[in-house]
Amino acid sequence: GENVEQHPSTLSVQEGDSAVIKCTYSDSASNYFPWYKQELGKRPQLIIDIRSNVGEKKDQRIAVTLNKTAKHFSLHITETQPEDSAVYFCAAFSSGGYNKLIFGAGTRLAVHP
Amino acid sequence: EAQVTQNPRYLITVTGKKLTVTCSQNMNHEYMSWYRQDPGLGLRQIYYSMNVEVTDKGDVPEGYKVSRKEKRNFPLILESPSPNQTSLYFCASSLHDSGGYNEQFFGPGTRLTVL
């Protein structure tokens, strides 16, 4: 079935450094790719998303890139801050008959002051 | 305030005792979904609903039932809970229009323990 692989599972960076999280998806009909941030004990919240007709999207310190040919998308966080510490999930949605949102296993990001 | 609510937030029960977790949204969203979250496995979709009376299985539907009789409500039913259903459950909803899929809003979560 469809799946989304996410790497790395844990990531530790120094404050001010950049962080990159990568995901690959299996369903070529996937057309929507959200990224969620989940702080400890909280619900997941959308931080950025991208649709299949766009290659890159940026929102302040956060950017997402999509390579449809390689079925690969990435989250880039620049100038990391301690409050960026959380678990990040990528996901892929396919409306090509399945209408399911498939999540990656998550990346635990730790930003050290 | 636009929101997704779930009840109860915490529940400890015993094997075999039927339970229902309610989910309600006030945003007139078409798409609603249930997920379970387990350490190291991320969020896995249990069931989803594209609209009233339209439901379909996600990736881990075994042991669960849902219904969508009204647009705002999407209860999750465990007819005979087992310990392997101990998990953190999230309900979510989103707009699903001609533009496709949109941001999914999550409820606060229900932590279920089955003894």
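Here the structure is a predicted model, which means the values were calculated and not measured.

Rules behind the numbers
Residues numbered from 1 in each chain as written. Chains lettered and ligands numbered in written order. Predicted model: local features only at pLDDT ≥ 70, side-chain atom pairs only at ≥ 80, totals over all residues. Heavy atoms only, no water. Helix = DSSP H or I, 4+ residues; strand = E, 2+ residues; numbered from the N terminus. Rg over C-alpha atoms; globule rule 2.2 N^0.38 Å. Contact = heavy atoms within 4.5 Å. Buried area = accessible area lost by both parts, 1.4 Å probe. Salt bridge = Lys/Arg side-chain N within 4 Å of Asp/Glu carboxyl O. Polar contact = N/O pair within 3.5 Å; in protein donor to acceptor, adjacent residues only side chain to side chain. Nonpolar A, V, L, I, M, F, W, Y, C, P; charged D, E, K, R; others polar. Patch = residues over 30% accessible without salt bridge, like charges linked within 9 Å, V, L, I, M, F, W, Y side chains within 5 Å. Areas by Shrake-Rupley, 256 points an atom, 1.4 Å probe, with all protein chains shown as cover. Disulfide = S-S within 2.5 Å. Phe/Tyr/Trp six-rings, centres within 6.5 Å; stacked < 30°, edge-to-face > 60°. Buried < 20%, exposed > 50% of the residue type's maximum accessible area, 1.4 Å probe, protein only. Pairing = 2+ DSSP bridges. Axes fitted to C-alpha atoms, helices over the stretch in contact; angles between N-to-C directions.

1. With respect to the overall build of chain A
What chain A contains, in helices and strands, is zero helices and 11 strands. Each helix (α) and strand (β) of chain A, taken in turn from the N terminus, gives the series β-β-β-β-β-β-β-β-β-β-β. Scaling as 2.2 N^0.38, a compact globule of 113 residues should have a C-alpha radius of gyration of about 13 Å, and chain A matches this with 14 Å. Considered along the principal axes of its C-alpha atoms, chain A spans approximately 45 × 30 × 20 Å.

2. A few points about the interface of chain B and chain A
Frequently, the measure chosen for interface size is the accessible area that the parts lose on association. Each side of the interface is counted separately: chain B has 24 residues, and chain A has 18 residues. When the buried area of chain B at its contact with chain A is split by residue, Leu43, Tyr101 and Phe106 of chain B rank highest and sum to 33% of it. Of the charged contacts in the structure, one is a salt bridge between Asp59 of chain B and Lys100 of chain A, with a shortest N-O distance of 3.1 Å. Our enumeration of links across chain B and chain A arrives at six residue pairs in polar contact (both at pLDDT 80 or more). If you tally residues by element for the side of chain B that touches chain A, the top one is strand 5 (residues 42-51) of chain B, at five residues. A breakdown of the residues in the side of chain B that touches chain A according to their chemical character gives 11 nonpolar, 10 polar and three charged.

3. With respect to a nonpolar patch on the surface
Side chains of Ile12, Val14 and Leu115 of chain B sit close together on the surface and give an oily, nonpolar patch of about 320 Å² of accessible area. Looking at where Ile12 of chain B falls in the secondary structure, it is placed in strand 2 (residues 10-13).

4. A look at the state of the cysteines
Covalent bonding between the sulfur atoms of two cysteines defines a disulfide. Counted under the stated rule, the structure contains two disulfides over all chains. With a sulfur-sulfur separation of 1.9 Å, Cys23 of chain A is cross-linked through a disulfide to Cys90 of chain A. Given an S-S torsion of about -100°, the disulfide between Cys23 of chain A and Cys90 of chain A has left-handed geometry. Of this pair, Cys23 of chain A sits in strand 3 (residues 19-25) while Cys90 of chain A is found in strand 9 (residues 86-94), placing the two residues 67 residues apart along the sequence. Across a sulfur-sulfur distance of 1.8 Å, Cys23 of chain B and Cys91 of chain B are joined as a disulfide pair. Taking the sign of the S-S torsion, about -70° here, the bridge from Cys23 of chain B to Cys91 of chain B comes out left-handed. Of this pair, Cys23 of chain B sits in strand 3 (residues 19-25) while Cys91 of chain B sits in strand 9 (residues 87-94); the two residues are 68 residues apart in sequence, bridging distant segments of the chain.

5. A short note on the packing of aromatic side chains
To describe a pair of aromatic rings, one takes the distance between the centres and the angle between the planes. Counting across every chain of the model gives 14 aromatic pairs over all chains. Arranged with centres 6.0 Å apart and planes meeting at 55°, the rings of Tyr25 of chain A and Phe73 of chain A form a pair that is tilted. Linking Tyr25 of chain A in strand 3 with Phe73 of chain A in strand 8 (residues 72-77), this pair joins segments that are 48 residues apart in sequence. Measuring from centroid to centroid gives 6.0 Å for Phe90 of chain B and Phe106 of chain B, while their planes differ by 85°, and the two rings are edge-to-face. Of this pair, Phe90 of chain B sits in strand 9 while Phe106 of chain B sits in strand 12 (residues 105-106), placing them 16 residues apart in sequence. For the pair Phe90 of chain B and Phe106 of chain B, one class covers both residues: buried. Put simply, the rings of Tyr36, Phe89 and Phe103 of chain A together with Tyr35, Phe90 and Phe106 of chain B pair up and form one aromatic cluster.

6. Considerations on the sheet that holds strand 7 (residues 62-67) of chain A
Residue and element names in this part refer to chain A. With antiparallel pairing, five strands are arranged side by side in an open sheet as 1-3-8-7-6. Bordering the open sheet on either side are strand 1 (4-7) and strand 6 (56-59), each of which pairs with just one other strand. Each strand axis lies, on average, 15° off the axis of its neighbour in the sheet, ignoring direction. Across six bridges, the pairing between strand 3 and strand 8 is antiparallel. Looking at strand 8, one finds that Lys22 is bridged to Ser74.

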